[in-house]
Amino acid sequence: MTLLRGLALYGGYGGRAVVRGVDLEVTSGRCVALLGPNGAGKTTLVRLLAGVLPAERGTVELLGRPLAAWRRREVAREVALVPQQVHFAFPLTVREVIEQGRAPHLGPWRPPGPEDHAAVAEAIARLDLAGLADAPVQRLSGGERQRVVLARALATRARVLLLDEPAAALDLRHQLDLVAIVARLRGDGVGVAVVVHDWNLALELADELIVLQAGRVVAAGRPEETIRPELFTAVFGVEVEILRGRNGRPVVVPRMADSTAG
Amino acid sequence: MRRRADTALAVLLLAALAASLLLAVPGASAGEALAALAGQGRPEVVTIVVGIRLPRLALALAVGAALALAGAALQALLANPLADPFLLGISGGGAAAATAAYALLPIAALGLVPAAAMAGAACATTVVWWMARGPLGPSPTRMLLAGVAVNAATSALILTLLAVAPSPRLAGALAITMGSFASASPAAVLWLLPYLLVPAAVLLHYGRDLGLLALGEESAAALGVELAAVRRTVFLAAAALCGGAVAFAGVIGFIGLVTPHLVRLVWGMEPRRLFLRSALAGAALTALGDLLARRALAPVELPVGVVTAVLGVPFFVALLRRAP
């Protein structure tokens, strides 16, 4: 079932289109990875899908209805976003940040109830943050902050999860935790779109890849069909070797400049 | 811990009330002054305590509450711990407009001074926000620099107005730049109340949204905050608070910066708790500041803005050193 759909999306900042005509679907129980060089428009695309940046052309439909027809708070109940960076200007505790994930369900006045407390407690446990729950978030490392923001998104219990480089600062163990979390959410019917730079992580997380270059889709589809060495030469200007890992899953190994020279 | 802090806040507020009303009434003991509050005792003491001290105290409390609330709201809205109505030039904008109203309007229209101050504060807020905005929301550094620019422009405007203002009006116009509660009257307090209470209600309504905005605009929008509507309403509320404060007491700095920080240290980040406590603490601090201004170099009376600056500037420097 299609949860979130972008149709011929154009969007950017100050009249400069960064995303130029992208179609994309986020489907229940599936995960699509967005890949591409720096500045290809991945973050902008995620912002358009979340509705935090209005599209200049094209539409985003949530559950078959254009985003413009939804109230912002209703969208936030269905679509949770993990932005690349959150600006922690104030000394909130980890728990206070994660509790913000329930705000779309509460509105301006309703106090949090048992379901809200349960969602927050579960998110704290899933992201391995119990020991840090009362620490001021400003004192945490980059990876710890990233886990806090991810926990906040999980606490919303939205049907769509949009992740913008959620693993950029995570250590290996917490990257594997992320893979497990996404797998479990997919089992619960959540649709996921994730911006990621590590191809091998993308292959662990996703069952569909979308490769962007200069705001357009240059390759899309199932991983085995999409990953070809020519793609890497054309899009990134690098040579890669594609090996087969366990279960026949592709593994991308870049060739270093000095080894290709020889 | 929080309950004990609430008690301490109540004690501070009561101490400010008692000290402002009862201490150092010329020719009367504290007991006589207390009796005068109930209308008993010598008429001259009653006149001083009820006719002069009480409205002055009420005005100081209301202005302090308004400035602290405006500071707390702006800090959350702009996700900037250094936001303050004075530093961002918002009070300056209000003061310039109020001075212009004093200098140029006919006497009969002087009731418009608070509205003018509010409009000036709103303009200054808009200009500062417009200058500071970037693709990912306002930048804290650019915002402070924008405040410097707006303050420079408004003080140039005020000096020009003072130079050309008809001389009988000069005193009123000058009081606005100095910051003082000396002209307090029961009427002034009543006029100020709507400028305090309506924005306070608005801020409480948007408390949860402002809590989300403290982590930046993108993050808040993703959690369901209608950015444009909240920004517009909260800016207007902050402008009304600052405009009201400036119109009746002139420019008083740093209450809006210092109070929310002190309150956050004790009561944490929850916005509604923060707003209510900030209003009460701002009221108490301003009343105590006014007491210091009256007593420090008695019989000479200092502008209250001098006292708040002496206490606020070191605090600001410390915050600036700690900012990322």
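Residues numbered from 1 in each chain as written. Chains lettered and ligands numbered in written order. Predicted model: local features only at pLDDT ≥ 70, side-chain atom pairs only at ≥ 80, totals over all residues.

Undergrad: Got a sec to walk through the overall build of chain A? Specific residues and values, please.
TA: Per the secondary structure count, chain A includes 11 helices and 12 strands. Relative to the compact-globule value of 18 Å for 262 residues, chain A shows a C-alpha radius of gyration of 19 Å, a close match. For chain A, the C-alpha atoms occupy an extent of roughly 65 × 40 × 35 Å along the three principal directions. Within chain A, buried positions represent 44% of all 262 residues. A fraction of 65% describes how many contacts in chain A between residues 6 or more apart in sequence connect residues 24 or more apart. (Helix = DSSP H or I, 4+ residues; strand = E, 2+ residues; numbered from the N terminus. Rg over C-alpha atoms; globule rule 2.2 N^0.38 Å. Buried ≥ 20, exposed ≤ 12 C-beta atoms within 10 Å, placed from the backbone. Contact = placed C-beta atoms within 7 Å.)

Undergrad: Pulling in residues and values, what's your account of the overall build of chain B?
TA: What chain B contains, in helices and strands, is 14 helices and 0 strands. Its helices and strands taken in sequence order, chain B reads α-α-α-α-α-α-α-α-α-α-α-α-α-α from the N to the C terminus. A compact globule built from 324 residues would reach a C-alpha radius of gyration of about 20 Å, and chain B, at 20 Å, matches this within 12%. Projected onto the principal axes, the alpha-carbon positions of chain B cover approximately 65 × 55 × 35 Å.

Undergrad: Lay out the domain arrangement of chain A in plain terms, naming residues and giving numbers.
TA: The figure often quoted for interface size is the accessible area lost as the parts come together. All names here are of chain A. Segmentation of chain A into domains returns domain 1 (2-226) and domain 2 (227-262). On a C-alpha basis, the centres of domain 1 and domain 2 stand 28 Å from each other. Of the residues lining the interface, 12 residues belong to domain 1; the matching set on domain 2 comes to 8 residues. Those elements that provide at least two residues to the side of domain 1 that touches domain 2 are helix 8 (199-205), strand 9 (208-213), strand 10 (216-221) and helix 9 (223-226). Its residues assigned to classes, the side of domain 1 that touches domain 2 shows 7 nonpolar, 4 polar and 1 charged. (Domains from an automatic or database assignment. Nonpolar A, V, L, I, M, F, W, Y, C, P; charged D, E, K, R; others polar.)

Undergrad: Help me get a handle on the sheet that holds strand 4 (residues 57-62) of chain A, residues and values and all.
TA: All names here are of chain A. Taken in spatial order, the 4 strands line up as 2-1-4-5 in an open sheet, and their pairing is antiparallel. Of all strands in the sheet, those with a lone pairing partner are strand 2 (16-27) and strand 5 (65-66), marking the two edges. As paired strands, strand 4 and strand 5 are joined by 2 bridges and run antiparallel to one another. Paired with Leu62 across the two strands is Arg65, which belongs to strand 5. Packed on one face of the sheet, helix 1 (residues 42-50) meets strand 1 (2-13), strand 2 and strand 4 and runs near 125° to strand 1. (Pairing = 2+ DSSP bridges. Axes fitted to C-alpha atoms, helices over the stretch in contact; angles between N-to-C directions.)

Undergrad: Describe the sheet that holds strand 3 (residues 31-35) of chain A, and please don't skip the residues or the numbers.
TA: Adjacent strands of a sheet pair through backbone hydrogen bonds, lying either parallel or antiparallel. Residue and element names in this part refer to chain A. As summarised here, the arrangement of the 6 strands in space is 6-7-8-3-9-10, forming an open sheet in which the pairing is mixed. Only two strands of the sheet have a single neighbouring strand rather than two, namely strand 6 (79-82) and strand 10. Averaged over all pairs of adjacent strands, the angle between strand axes in this sheet comes to 15°, irrespective of strand direction. Here helix 6 (residues 142-156) sits on the sheet and contacts strand 6 and strand 7 (160-164); the angle it forms with strand 6, its principal contact strand, is near 180°. Contacts from helix 7 (residues 172-187) reach strand 3, strand 7 and strand 8 (191-195), with the element oriented near 150° to strand 8.

Undergrad: With reference to specific residues and values, describe the interface of chain B and chain A.
TA: Contact residues are listed per partner, giving 19 residues for chain B and 21 residues for chain A. For the side of chain B that touches chain A, the elements supplying multiple residues, two or more each, are helix 9 (207-213) and helix 10 (217-222) of chain B. The greatest single-element share of the side of chain B that touches chain A, amounting to 4 residues, is contributed by helix 10 of chain B. Here the residues of the side of chain B that touches chain A are counted per class, giving 11 nonpolar, 5 polar and 3 charged.

Undergrad: A description of helix 11 (residues 227-249) of chain B should follow, citing residues and the corresponding values.
TA: Here helix 11 of chain B is 23 residues long and its end C-alpha atoms lie 32 Å apart, about the 33 Å a rise of 1.5 Å per residue gives. Following helix 11 of chain B by one or two positions, Gly250 of chain B has its phi on the positive side, about 80°. (Expected span 1.5 Å × (residues − 1).)

Undergrad: How would you explain the packing of helix 1 (residues 2-22) of chain B against helix 13 (residues 271-295) of chain B if you had to name every residue and give the values?
TA: Residue and element names in this part refer to chain B. Contact pair helix 1 / helix 13: the axes reach a minimum separation of 9 Å and the direction vectors enclose 30°. One finds that helix 1 runs roughly parallel with respect to helix 13. Every pair of crossing elements has a handedness; the one defined by helix 1 and helix 13 is left-handed. Only Arg277, Leu280, Ala281, Ala283, Ala284, Ala287, Leu288, Asp290 and Leu291 of helix 13 make contact with helix 1, whose side of the interface consists of Leu9, Leu12, Leu13, Ala16, Ala19 and Ser20. When grouped by side-chain class, the residues that make up the contact of helix 1 with helix 13 number 12 nonpolar, 1 polar and 2 charged. (Parallel < 35°, antiparallel > 145°, perpendicular 65-115°, else oblique. Left-handed = near helix turned anticlockwise from the far one by under 90°.)

Undergrad: I'd love a proper account of the pairing of strand 6 of chain A, names of residues and values included.
TA: Residues and elements named next belong to chain A. Neither face of strand 6 is exposed, since Val79 and Leu81 on one face and Ala80 and Val82 on the opposite face are all buried. Where strand 6 meets strand 7, 4 bridges bridge the pair, whose relative direction is parallel. When the sheet's bridge partners are listed, Val79 is paired in strand 7 with Val160.

Undergrad: Residue-level account of helix 1 of chain B, with values.
TA: Residues lying three or four places apart along an α-helix face the same way, a consequence of the helix completing one turn every 3.6 residues. Residues and elements named next belong to chain B. Between its terminal C-alpha atoms helix 1 stretches 30 Å, which fits the 30 Å expected from 21 residues at 1.5 Å a residue. Close packing links the buried residues of helix 1 with helix 2 (30-37), helix 3 (43-77) and helix 13. Phi turns positive one or two residues past the end of helix 1, at Ala24, with a value near 55°.

Undergrad: Pulling in residues and values, what's your account of the environment of Ala69 of chain A?
TA: Counting through the fold element by element, Ala69 of chain A comes out in the loop between strand 5 and helix 2 (72-78). Classification of Ala69 of chain A by C-beta neighbours within 10 Å gives exposed; the count is 9.

Undergrad: Pulling in residues and values, what's your account of the packing of helix 5 (residues 114-126) of chain A against helix 6 of chain A?
TA: A packed helix pair is summarised by two numbers, namely the angle formed by the two axes and the spacing between the axes. Residue and element names in this part refer to chain A. Between helix 5 and helix 6, the shortest axis-to-axis distance is 8 Å and the interhelical angle comes to 140°. Like other packed secondary-structure pairs, helix 5 and helix 6 cross with a definite hand, here right-handed. On helix 6, the residues that touch Ala119, Val120, Ala123, Ile124 and Arg126 of helix 5 are Ala151, Leu154 and Ala155. Of the residues contributing to the contact of helix 5 with helix 6, the split by class is 7 nonpolar, no polar and 1 charged.

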